[in-house]
Every structure is written in C-alpha cells, then in structure tokens.
Amino acid sequence: MLGLTLSAAGSTAAAAATTSAGEAAPACVQYTAGWRYTFVSNGCDTVQQVTVEYRDGTAVPCRTAAPGETVTFPGYGTNGNEVLGVVLCGTTPA
C-alpha cells in the first residue's frame, strides 16, 4: 500500500492545531505517513526541531531538519496506529 500525504489539499500544513506533545509545526513543514516510515520535509527558510505525534502515544526523538531537508520517523505500523501530525520540540537553533 502506498503512503498517504496527510496535509490538506492546497496547503502545506503539517498539523492544524497545537497538540499535547507541543506546538504544531509551521505550515512550511509537510509530512507523508506510510506504514513503515513517516517523512517530514522542511520547506521553511529556517531550521526546524520536529517530532511526530502518534495516536497511541508512541514517543520518538526530536530531529533537526535544515531548510529543504527531509527527516525520517517510524510509520504508523500495521496495528491500527495513526500519525496525528508534526509538532515542534526542543529549541530551534538560530
């Protein structure tokens, strides 16, 4: 099965609202979630510190994504988990 792009059509929003894990990533951050991997792409002009929030509460480390870079996180798996969005974490370097 192919991965699903979970950003709104015509929008680059990675997450629409603030979540329990942190502040939603800016609109210039996009993600594509598949069963095996979740790819987070930084389309911003600045470095972003991001992590992925999962429905089941799975915790994954924060990753640094330079402008134009894509970082990889675990996918949603085969047990009915879901990627809820991308959130900011840590301190974003200047």
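Residues numbered from 1 in each chain as written. Predicted model: local features only at pLDDT ≥ 70, side-chain atom pairs only at ≥ 80, totals over all residues. Heavy atoms only, no water.

A. Structural view of the packing of aromatic side chains. For the structure shown, the criterion picks out one aromatic pair. When the centroid spacing of 6.0 Å and the interplanar angle of 40° are considered together, the rings of Tyr 37 and Phe 39 count as tilted. Phe 39 gets classed as partly exposed once you look at its relative accessible area, which sits at 37%. (Phe/Tyr/Trp six-rings, centres within 6.5 Å; stacked < 30°, edge-to-face > 60°. Buried < 20%, exposed > 50% of the residue type's maximum accessible area, 1.4 Å probe, protein only.)

B. Structural detail: the sheet that holds strand β7 (residues 83-88). Reading across from one edge, β5-β4-β7 is the order of the three strands in this open sheet, with antiparallel pairing throughout. Lying at the two open borders of the sheet, with one neighbouring strand each, are β5 (63-65) and β7. Across the sheet, the mean angle from the axis of one strand to that of its neighbour is 40°, orientation sign disregarded. Of the strand pairs in this sheet, strand β4 (residues 48-54) and β5 are connected by three bridges, and their pairing is antiparallel. Within β5, the residue paired with Gln 49 across the bridge is Thr 64. (Pairing = 2+ DSSP bridges. Helix = DSSP H or I, 4+ residues; strand = E, 2+ residues; numbered from the N terminus. Axes fitted to C-alpha atoms, helices over the stretch in contact; angles between N-to-C directions.)

In short, geometric facts, not functional conclusions.
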